[in-house]
Amino acid sequence: MKKIELEIVALSHSITQTHSYAVVLGEVNGLRRLPIVIGGFEAQAIAVALEHMQPSRPLTHDLMKNFMNAFNVELQEIVISDLQEGIFYSKLVCYTENDTVEIDSRTSDALALAVRFACPVYTYEHILESAGILMEDSSGKKKKGEAVGVEESGAGREDLSTMSIDDLQNLLNEVLENEDYIKAIAIRDEINKRK
């Protein structure tokens, strides 16, 4: 299977779900976005690394990086390898001078390590096809994600259930223009549920 490279384009916060965030991955040289809901601690770990902040004591992912460096283990790449019932599964592809090993990982932890090691993040077409969102601006060109920002947003599922498919599609286009990925996830899920 051909791998598709992704990059982190945004980190969003949902005010409707306590401690719920979404990391938004963008297809490199492509138009699709892959929003992944993560916890607050993992969002913090990713944000700290993206902003090149130096905490006074190592965070768990910093400790993991230090441990890997001490034993000459290189994190070669992250692969978001599967999506089952809305849960993303990832693998850390690690390299030593003697071997290459794939290690199962939560996607949020894998991304926190990827930022620290500056290694590429990949996924497969079937994952982008089922969970990705297509982004285009009025000129038909790819929208570039801002530097990591925290966006306040929310989506009331009960309101979505009363809307028609056409209304949902129009609302999806509107929230994508505003880069409100948390709301877009809820709308996309409601549309997919009805298909």
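In this text, all values refer to a predicted model and were calculated from it rather than measured experimentally.

## Structural notes on the side chain of Glu77
Then, in step 1: Mapped onto the elements, Glu77 comes out in strand β4 (residues 74-84).
Then, in step 2: Looking at Glu77, its side chain comes within polar contact range of the side chain of Lys3, at 2.5 Å.
Then, in step 3: Residues in contact with Glu77, not counting those within four places in the same chain, are Lys3, Lys91, Leu92, Val93, Cys119, Pro120 and Tyr122.

## Quick word on helix α1 (residues 40-50)
Then, in step 1: Those residues of α1 that fall on the buried side of the exposure criterion are Glu42, Ala43, Ala45, Ile46, Val48 and Ala49.
Then, in step 2: One or two steps after α1, the chain reaches His52, where phi turns positive at roughly 55°.

## Comments concerning the packing of aromatic side chains
Then, in step 1: Evaluated as defined, the whole model comprises one aromatic pair.
Then, in step 2: Centroid distance Phe67 to Phe71: 5.0 Å. Interplanar angle 45°. Geometry classified as tilted.
Then, in step 3: For Lys3, the ring lying beneath its charged end belongs to Tyr122, and the centroid distance is 4.8 Å.
Then, in step 4: Sitting above the plane of the Phe117 ring, Lys65 keeps its charged end 5.7 Å from the centroid.

## Looking at the pairing of strand β6 (residues 100-106)
Then, in step 1: The sheet contact formed by strand β5 (residues 87-95) and β6 spans seven bridges and is antiparallel. Directly across from Lys91, in β6, lies its bridge partner Asp104.
Then, in step 2: Between β5 and the antiparallel strand that follows it, β6, lie four residues.

## Remarks on the nonpolar core
Then, in step 1: Grouped together as the largest cluster of nonpolar side chains are 33 residues, with contacts concentrated most on Leu25, Leu34, Ile36, Ile38, Leu75, Ile78 and Ile80.
Then, in step 2: Elements that contribute at least two residues to this core include exactly β1 (3-14), β2 (20-27), β3 (32-39), α1, β4, β5, α3 (107-117) and α4 (125-131).
Then, in step 3: No other element matches the seven residues that α3 contributes to this core.
Then, in step 4: Excluding residues that lie within four positions of it along the chain, Ile36 makes contacts with Tyr21, Ala22, Val23, Leu25, Ile80, Phe88 and Thr107.
Then, in step 5: Residues Ile133, Leu171, Ala184 and Ala186 belong to the second largest nonpolar core, which totals twelve residues.

## Describing the packing of helix α2 (residues 60-70) against α3
Then, in step 1: At a minimum axis distance of 10 Å, the contact between α2 and α3 shows a crossing angle of 60°. As judged from the angle between their axes, α2 and α3 are oblique. The crossing of α2 and α3 is right-handed. Packed against α2, whose contacting residues are His61, Asp62, Met64, Lys65, Met68 and Asn69, the element α3 presents Asp109, Ala112, Leu113, Arg116 and Phe117 at the interface.
Then, in step 2: For the contact of α2 with α3, the residue count by class is five nonpolar, two polar and four charged.

## Some thoughts on the confidence of the model for the protein chain
Then, in step 1: Summary statistics for the protein chain give a mean pLDDT of 83 and a share of 83% for residues scoring 70 or more.
Then, in step 2: Looking at the elements of the protein chain, mean pLDDT is at its lowest for strand β9 (residues 152-153), recorded as 36, and at its highest for strand β7 (residues 121-124), recorded as 98.
Then, in step 3: Scored below 50 in pLDDT, residues 142-158 makes 50 contacts in the model with residues more than four places away or belonging to other chains.

## Concerning the pattern of salt bridges
Then, in step 1: Under the defined criterion, the tally for this structure stands at eight salt bridges.
Then, in step 2: With a closest N to O distance of 2.5 Å, Lys3 and Glu77 form a salt bridge. In this pair, Lys3 sits in strand β1 while Glu77 sits in strand β4, placing the two residues 74 residues apart along the sequence.
Then, in step 3: On the accessibility criterion, Glu77 (13% relative accessible area) is buried.
Then, in step 4: Two residues, Asp109 and Arg106, come together in a salt bridge whose shortest N-O distance is 2.9 Å.
Then, in step 5: Taken together, the salt bridges that share partners define one network made up of Glu27, Arg32 and Glu125.

Parameters and conventions
- Residues numbered from 1 in each chain as written.
- Predicted model: local features only at pLDDT ≥ 70, side-chain atom pairs only at ≥ 80, totals over all residues.
- Heavy atoms only, no water.
- Helix = DSSP H or I, 4+ residues; strand = E, 2+ residues; numbered from the N terminus.
- Polar contact = N/O pair within 3.5 Å; in protein donor to acceptor, adjacent residues only side chain to side chain.
- Contact = heavy atoms within 4.5 Å.
- Buried < 20%, exposed > 50% of the residue type's maximum accessible area, 1.4 Å probe, protein only.
- Phe/Tyr/Trp six-rings, centres within 6.5 Å; stacked < 30°, edge-to-face > 60°.
- Lys NZ or Arg CZ within 6 Å of the ring centre and 35° of its normal.
- Pairing = 2+ DSSP bridges.
- Core = buried A, V, L, I, M, F, W, Y, C linked by side-chain atoms within 4.5 Å.
- Axes fitted to C-alpha atoms, helices over the stretch in contact; angles between N-to-C directions.
- Parallel < 35°, antiparallel > 145°, perpendicular 65-115°, else oblique.
- Left-handed = near helix turned anticlockwise from the far one by under 90°.
- Nonpolar A, V, L, I, M, F, W, Y, C, P; charged D, E, K, R; others polar.
- pLDDT = per-residue confidence, 0-100.
- Salt bridge = Lys/Arg side-chain N within 4 Å of Asp/Glu carboxyl O.

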